[in-house]
Amino acid sequence: MATTSNSVLFLSSDSLSHHHNPPRFPLHLSSSRSHSVSLLPNKRSGSLALRCSNNGDNISSEKDTPIELKFPAFPTVMDINKIREILPHRFPFLLVDRVIEYTPGVSAVAIKNVTINDNFFPGHFPERPIMPGVLMIEAMAQVGGIVMLQPEVGGSQDNFFFAGIDKVRFRKPVIAGDTLVMRMTLLKFQKRFGLAKMEGKAYVGGALVCEGEFMMVSAGSS
């Protein structure tokens, strides 16, 4: 025997024992709205509770949420003050605003908020503000510097230089208003020679805009 109460359907264990083919899930309910179904055992009564939820209500609540509340902010692992303690760069060449993920000695993910107030836009280009590719590479190299200059790698503020790039590709233009999300991963580090090889990828809105391989070298190794 089965009884219903609002959105929960209780099925007794006796009624299920007479069925050679027990019901399969998910169930398709005849309704204009979509539902999700879960089967919950009740140990005390020996019955099964079939719980139905109306996904239409969730969709409606999402539509009612103002757009400014829908998208969470990037997390902050290192803020601009901490970045300034690690990197020697200063205005107008500090191109990292926030570190959102950091794995010691392995990788860092950071963002650069690209705004129309950046000092390179008046000349690149007045009618179509596009972030120069060389500055995208520089920003990514700075994220690599955050990895290299940590105690896990053994670096210091005075001894890191950008030594070279390979296999660089620019996939899409980066314009004012974009948030450039950059991931730099340490592939190889020869501590004896002060040489590091890193892989870099940069994204805007989840789309790859730039990638390449980077070489870093410490001042003491030259």
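Residues numbered from 1 in each chain as written. Predicted model: local features only at pLDDT ≥ 70, side-chain atom pairs only at ≥ 80, totals over all residues. Heavy atoms only, no water.

You'll find the protein entered in an unreviewed UniProt entry as 3-hydroxyacyl-[acyl-carrier-protein] dehydratase, with Thlaspi arvense given as the organism. Quoted verbatim from the Function (unreviewed entry) heading of the UniProt record, the comment on the protein is "Involved in unsaturated fatty acids biosynthesis. Catalyzes the dehydration of short chain beta-hydroxyacyl-ACPs and long chain saturated and unsaturated beta-hydroxyacyl-ACPs." Under the UniProt heading Subcellular location (unreviewed entry), the note attached to the protein is "Cytoplasm". (UniProt positions renumbered as here; feature names shortened; annotations may be inferred.)

What follows deals with the nonpolar core. Within the largest apolar cluster, 42 residues are counted, with the highest numbers of intra-cluster contacts made by Leu 180 and Met 216. A total of ten residues in this core trace back to one element, the largest contributor, which is helix α4 (residues 133–148). Ignoring any residue separated from it by four or fewer positions in sequence, one finds Leu 180 in contact with Ala 110, Ile 111, Lys 112, Val 114, Met 131, Met 136, Val 174, Ala 202, Tyr 203, Val 204 and Val 209. (Core = buried A, V, L, I, M, F, W, Y, C linked by side-chain atoms within 4.5 Å. Buried < 20%, exposed > 50% of the residue type's maximum accessible area, 1.4 Å probe, protein only. Helix = DSSP H or I, 4+ residues; strand = E, 2+ residues; numbered from the N terminus. Contact = heavy atoms within 4.5 Å.)

Across a regular strand the side chains alternate sides, sitting on one face of the sheet and then on the other. Residues of strand β9 (residues 195–204) alternate between two faces, with Ala 196, Met 198, Gly 200, Ala 202 and Val 204 buried on one and Leu 195, Lys 197, Glu 199, Lys 201 and Tyr 203 left unburied on the opposite face. Sheet topology note: the strand β8 (residues 179–190)/β9 ladder contains nine bridges and is antiparallel. Directly across from Val 181, in β9, lies its bridge partner Tyr 203. Direction of pairing for β9 relative to strand β10 (residues 207–218): antiparallel, over a ladder of ten bridges. Directly across from Glu 199, in β10, lies its bridge partner Glu 213. Linking two consecutive strands that pair antiparallel, namely β9 and β10, is a turn of two residues; a positive phi of about 60° is found at Gly 205 within it. (Pairing = 2+ DSSP bridges.)

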